[in-house]
Amino acid sequence: MKTFNYCPSCGVGGILFDGIKEFNCKECSFTFYQNIATAVAVILEYDKKILLTKRGEEPGKGKLDLPGGFVDPKESAEDAVKREIREELKIEIGALQYLGSFPNIYEYKDVIYNVCDLFFYSRIKTLPADFDRAEIEELILVNPSEIPIDKFAFESTQKCLSLFCNRQ
Ligand SMILES: [Zn+2]
């Protein structure tokens, strides 16, 4: 797993990591917090079915996911959902209902990101006519009772869907 071997400020080796989120350089007192990233995902309902995606990229390429992604700097979680849906599914969505949050570990190019995933729910009246084929392999529409929870890329999504499906 990749981490900092040298201080990004003074270049001295042996920067200390507290094992949780803080990097410290003894030489120049440079401090860096690898704080939790925020990501959003949305359970999109269309005609009593749920719209799932098959991931087109690592991590979890080929596994199932919900539409969503990382929150950008200076962006609200709600705006991130709307932007991601616009980018991935080429549609606009309306009212969002916040469902809850779950921690996730996201590994990308040998770097571990600790993420807090925020889950939302929304209804759509028309299905996407197109989607971002780089990020998404396939769109899948399923009954809530038939969502294959174990086929999802991330544990956070599995936990959210387990709760959501039990409520139906
Ligand atoms: Zn330093």
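For interface size, the figure often reported is the accessible area lost on association. When the domains of the chain are assigned, the result is domain 1 (1–35) and domain 2 (37–167). Between domain 1 and domain 2, the C-alpha centre-to-centre distance is 33 Å.

Compared with an ideal rise of 1.5 Å per residue, which puts 13 residues at 18 Å, helix 1 (residues 77–89) spans 18 Å between its outermost C-alpha atoms and is within 8% of the ideal. Considered for burial, the residues of helix 1 that qualify are Ala80, Val81, Glu84, Ile85, Glu88 and Leu89. Buried residues of helix 1 fall within an arc of 130° about the axis and therefore sit on the same side. On its buried side, helix 1 packs onto strand 4 (37–46), strand 7 (68–70), strand 9 (111–123) and strand 10 (136–142).

Here 3 strands make up an open sheet; going across it, the order is 1-2-3 and the pairing antiparallel. On the outer flanks of this sheet lie strand 1 (16–17) and strand 3 (31–33), each paired with one strand and no other. In the sheet, strand 2 (residues 22–24) pairs with strand 3 via 3 bridges, with the strands oriented antiparallel. Each bridged residue has a counterpart across the sheet, and for Glu22 the counterpart in strand 3 is Tyr33.

This paragraph deals with the nonpolar core. In terms of nonpolar packing, the biggest core is built from 24 residues, with Val40, Ala41, Val42, Ile43, Val81, Phe119 and Phe120 touching the most fellow members. Elements with a minimum of two residues in this core: strand 4, strand 5 (49–55), helix 1, strand 9 and helix 2 (155–167). It is strand 4 that provides the largest number of residues to this core, a total of 6 residues.

Topologically, Lys109 is positioned in the loop between strand 8 (97–108) and strand 9. Lys109 sits 50 residues away from Pro59 along the chain, and the two C-alpha atoms are 8.7 Å apart.

Cis peptide bonds are those with omega within 30 degrees of zero, and the linkage from Glu58 to Pro59 qualifies with -5°. With respect to the element layout, Pro59 can be found in the loop between strand 5 and strand 6 (64–65). If you check the backbone angles, Lys48 has positive phi at about 65° while not being a glycine. Here Lys48 shows up in the loop between strand 4 and strand 5. The backbone phi angle of Lys74 is positive, close to 65°, even though this residue is not glycine. Mapped onto the elements of the fold, Lys74 is located in the loop between strand 7 and helix 1.

What counts and what doesn't
Residues numbered from 1 in each chain as written. Predicted model: local features only at pLDDT ≥ 70, side-chain atom pairs only at ≥ 80, totals over all residues. Domains from an automatic or database assignment. Helix = DSSP H or I, 4+ residues; strand = E, 2+ residues; numbered from the N terminus. Expected span 1.5 Å × (residues − 1). Buried ≥ 20, exposed ≤ 12 C-beta atoms within 10 Å, placed from the backbone. Arc of directions from axis to C-beta. Contact = placed C-beta atoms within 7 Å. Pairing = 2+ DSSP bridges. Core = buried A, V, L, I, M, F, W, Y, C linked by C-beta atoms within 7 Å.

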